[in-house]
Amino acid sequence: PIIWSRGGDMMKPNPAQGERGLTNSERSRGVHFAQDIVIHRPICAGDTLKTTAQTVSVKAAAKGASSVSTTRFDHHDHSGNLVCSTWNTSFYRGVPLEGDGGTLVEQLPPPLPLRPLLTSKNQPELELEIAVSAVDAHIYSECSRIWNPIHTDRAAALAAGLPAIILHGTAVMAKAVSAIIRHYGHGDPTAVARCGVGGFGVMV
């Protein structure tokens, strides 16, 4: 089982430094926009991991009164060895940034390797069909313990400005990575050292 210890204050603002944080209404308007994961070794059954979190970038969105934030999570095992690092980027629709934004460049993910040149600018390297059922968002909510109601409650999704409940960005990523592993990695997930997705499309 996944057990969080002292995780409640992980993203708590510090009023002494003028930090207001997000209201519940503003938080509900957050949509998972991008994810980058660097894997040093697979997470194994029985692992006890310590996770530290740091907001490494906050900026106003290019269009509209919205904002984008990126949080870095480092996961260490009981010996202090880094198991993996993840960068989670969220887009807060209709939540303007108060004050100046900023980015801790040295805390951002390492540059991605160069992609091979494509014969056509609009030609994808690979196209795979991925099945999504009407209950995937509910199943993933319970398994991942990500209980954002925009994924399971239509009224909450509509109130947040979405067309319907949407599948989690990490669920979309997991389905895509699994399909790529089957296609390129002979079904061996330990072959994956890094995976990243930018600009999750809304999957309803």
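Quick caveat: nothing in here was measured; it's all calculated off a predicted structure.

Before going further, it helps to spend a moment on the state of the cysteines. In a disulfide, the sulfur atoms of two cysteines are held together by a covalent bond. For the structure on display, the rule yields zero disulfides. Cysteine 195 forms no disulfide, and the closest cysteine sulfur to it belongs to cysteine 84, at a distance of 9.5 Å. Of the residues examined, cysteine 195 reaches a relative accessible area of 15% and is grouped as buried.

Moving on to a nonpolar patch on the surface. On the surface, Leu128, Ile180 and Tyr184 cluster together into a nonpolar patch covering about 280 Å² of accessible area. The topology assignment puts leucine 128 in the loop between strand E5 (102–103) and helix H2 (136–144).

On to H2. Where H2 is concerned, the buried positions are Asp136, Ala137 and Ser141. Projection of H2 onto a plane perpendicular to its axis shows the buried side chains occupying an angular sector of 135°, all on one side. Opposite the buried face of H2, by more than 90 degrees, sit the exposed residues Glu142 and Cys143. Contact partners of the buried residues in H2: helix H4 (169–184).

In this structure the tally under the stated criterion is one aromatic pair. Note on phenylalanine 33 and phenylalanine 91: the rings are 6.4 Å apart at their centroids and 40° apart in plane angle, and the pair reads as tilted. Of the two residues, phenylalanine 33 is situated in strand E1 (residues 30–39) and phenylalanine 91 in strand E4 (residues 82–92); the sequence distance between them amounts to 58 residues.

Attention now moves to unusual backbone geometry. Phi at arginine 145 is positive, roughly 60°, even though this residue is not glycine. Residue placement: arginine 145 occurs in the loop between H2 and helix H3 (154–159).

By size, the foremost hydrophobic cluster in this structure holds six residues: Val31, Ile150, Ala157, Ala160, Leu162 and Ile166. Not counting the four nearest positions on each side in its chain, isoleucine 150 is found in contact with Ser28, Gly30, Ala156, Ala157, Ala160, Leu162, Ala164, Ile165 and Ile166. Counting five residues, the second largest nonpolar core, distinct from the first, contains Ile37, Met173, Ile181 and Val192.

Moving on, we come to the sheet that holds E5. Across the sheet, which stays open at both edges, the six strands sit in the order E5-E2-E3-E4-E1-E6 with antiparallel pairing between neighbours. Looking at which strands have only one partner, the edges of the open sheet turn out to be E5 and strand E6 (194–198). Pairing of strand E2 (residues 50–60) with strand E3 (residues 67–76) involves 10 bridges; the strand directions are antiparallel. Each residue of the ladder has a partner; that of alanine 53, found in E3, is phenylalanine 73. In the packing of H4 onto the sheet, the strands contacted are E1 and E6, and the crossing angle to E1 comes to about 40°.

Reading the values: the criteria
- Residues numbered from 1 in each chain as written.
- Predicted model: local features only at pLDDT ≥ 70, side-chain atom pairs only at ≥ 80, totals over all residues.
- Heavy atoms only, no water.
- Disulfide = S-S within 2.5 Å.
- Buried < 20%, exposed > 50% of the residue type's maximum accessible area, 1.4 Å probe, protein only.
- Patch = residues over 30% accessible without salt bridge, like charges linked within 9 Å, V, L, I, M, F, W, Y side chains within 5 Å.
- Areas by Shrake-Rupley, 256 points an atom, 1.4 Å probe, with all protein chains shown as cover.
- Salt bridge = Lys/Arg side-chain N within 4 Å of Asp/Glu carboxyl O.
- Helix = DSSP H or I, 4+ residues; strand = E, 2+ residues; numbered from the N terminus.
- Arc of directions from axis to C-beta.
- Contact = heavy atoms within 4.5 Å.
- Phe/Tyr/Trp six-rings, centres within 6.5 Å; stacked < 30°, edge-to-face > 60°.
- Core = buried A, V, L, I, M, F, W, Y, C linked by side-chain atoms within 4.5 Å.
- Pairing = 2+ DSSP bridges.
- Axes fitted to C-alpha atoms, helices over the stretch in contact; angles between N-to-C directions.

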